Amino acid sequence: MSTRVIGTGRGAAAAWASDAWAGAVYDGGPGSIAEARGFATRFLVDRHGFEAASEAVGAVQLIVSELVTNACKYAHGPCALDLERIPSGIEVTVWDSSTTLPLARAADPGRVGQHGLEIVLALCEGFTVERQPVGKRITVRVACP
């Protein structure tokens, strides 16, 4: 099967390797978060027939936004997004070059900001972090039909 490379915006490259998997690389610039969210939406809606306003699409969009935001904010460089349709749902994987592992904080409604990981954990059924030779890889599993 051939890989078709598509552009997702300035500073980004993407590939649809199959119907079940797609990946994109972002430069970490200001448009990266919106581009990643749009890429995830197209993967779910165009490739897999999800309704754009469905709960699953909303959850994946929010998870992608939070993980790519953290990658851009803390790693200060490129990041990669992989999306995979698995039998039980969707796997979202974000790689960045920072070796600092994310830290989930206790819920605090009085805290301004830094709720991203808290939100991601509330929306997913599985969460793993792996250190890589360069950086880290975060994988989140979202249950959906």
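Cut-offs used in this document
Residues numbered from 1 in each chain as written. Predicted model: local features only at pLDDT ≥ 70, side-chain atom pairs only at ≥ 80, totals over all residues. Heavy atoms only, no water. Helix = DSSP H or I, 4+ residues; strand = E, 2+ residues; numbered from the N terminus. Buried < 20%, exposed > 50% of the residue type's maximum accessible area, 1.4 Å probe, protein only. Contact = heavy atoms within 4.5 Å. Areas by Shrake-Rupley, 256 points an atom, 1.4 Å probe, with all protein chains shown as cover. pLDDT = per-residue confidence, 0-100. Expected span 1.5 Å × (residues − 1). Axes fitted to C-alpha atoms, helices over the stretch in contact; angles between N-to-C directions. Parallel < 35°, antiparallel > 145°, perpendicular 65-115°, else oblique. Left-handed = near helix turned anticlockwise from the far one by under 90°. Nonpolar A, V, L, I, M, F, W, Y, C, P; charged D, E, K, R; others polar. Salt bridge = Lys/Arg side-chain N within 4 Å of Asp/Glu carboxyl O. Patch = residues over 30% accessible without salt bridge, like charges linked within 9 Å, V, L, I, M, F, W, Y side chains within 5 Å.

## Focus on the overall build of the protein chain
Within the protein chain, the secondary structure is distributed over 3 helices and 7 strands. The order of α-helices and β-strands along the protein chain, N terminus first, is β-β-β-α-α-β-β-α-β-β. Taken over 145 residues, the protein chain has a buried fraction of 42%. Summarising the internal contacts of the protein chain: among those between residues at least 6 apart in sequence, 55% fall at separations of at least 24. Accessible surface computed for the protein chain: about 7,500 Å², of which carbon and sulfur atoms make up 56%.

## Side note on the confidence of the model for the protein chain
Per-residue confidence for the protein chain averages 86 on the pLDDT scale, and 85% of its residues sit at or above 70. A low-confidence stretch, residues 1-11 stays under pLDDT 50, and its non-local contacts, those more than four residues away or across chains, total 28 contacts.

## Examining helix H1 (residues 32-48)
With 17 residues, H1 ought to run about 24 Å at 1.5 Å a step, and its terminal C-alpha atoms sit 23 Å apart, in line with that. Within the sequence span of H1, burial applies to Ser32, Glu35, Ala36, Gly38, Phe39, Ala40, Thr41, Phe43 and Leu44. One or two positions beyond H1, positive phi appears at glycine 49, with a value near 75 degrees.

## Comments concerning the packing of helix H2 (residues 55-75) against helix H3 (residues 116-123)
Contact geometry of H2 with H3 gives a least axis separation of 9 Å together with a crossing angle of 150 degrees. As summarised for this structure, H2 and H3 are arranged roughly antiparallel, according to the angle between their axes. Handedness of the crossing formed by H2 with H3: left-handed. Note on element contacts: H3 touches H2 through Gly116, Ile119, Val120 and Leu123, opposite Ala59, Leu62, Ile63, Glu66 and Leu67. Among the residues forming the contact of H2 with H3, the class breakdown is 7 nonpolar, 1 polar and 1 charged.

## Details of the pattern of salt bridges
Inspection of the entire model under this criterion finds 2 salt bridges. A salt bridge links arginine 141 to glutamate 125; the nearest nitrogen and oxygen atoms lie 3.8 Å apart. Of this pair, arginine 141 sits in strand S7 (residues 136-143) while glutamate 125 sits in the loop between H3 and strand S6 (126-131), placing them 16 residues apart in sequence.

## Here we look at unusual backbone geometry
At histidine 76, a residue that is not glycine, the phi angle is positive and equals roughly 55 degrees. When you line up the elements, histidine 76 lands in the loop between H2 and strand S4 (79-86).

## Some points on a nonpolar patch on the surface
A cluster of nonpolar side chains, Leu62, Ile119 and Leu123, forms an exposed patch at the surface whose accessible area comes to about 190 Å². Within the secondary structure, isoleucine 119 is located in helix H3. For isoleucine 119, a relative accessible area of 30% gives the class partly exposed.

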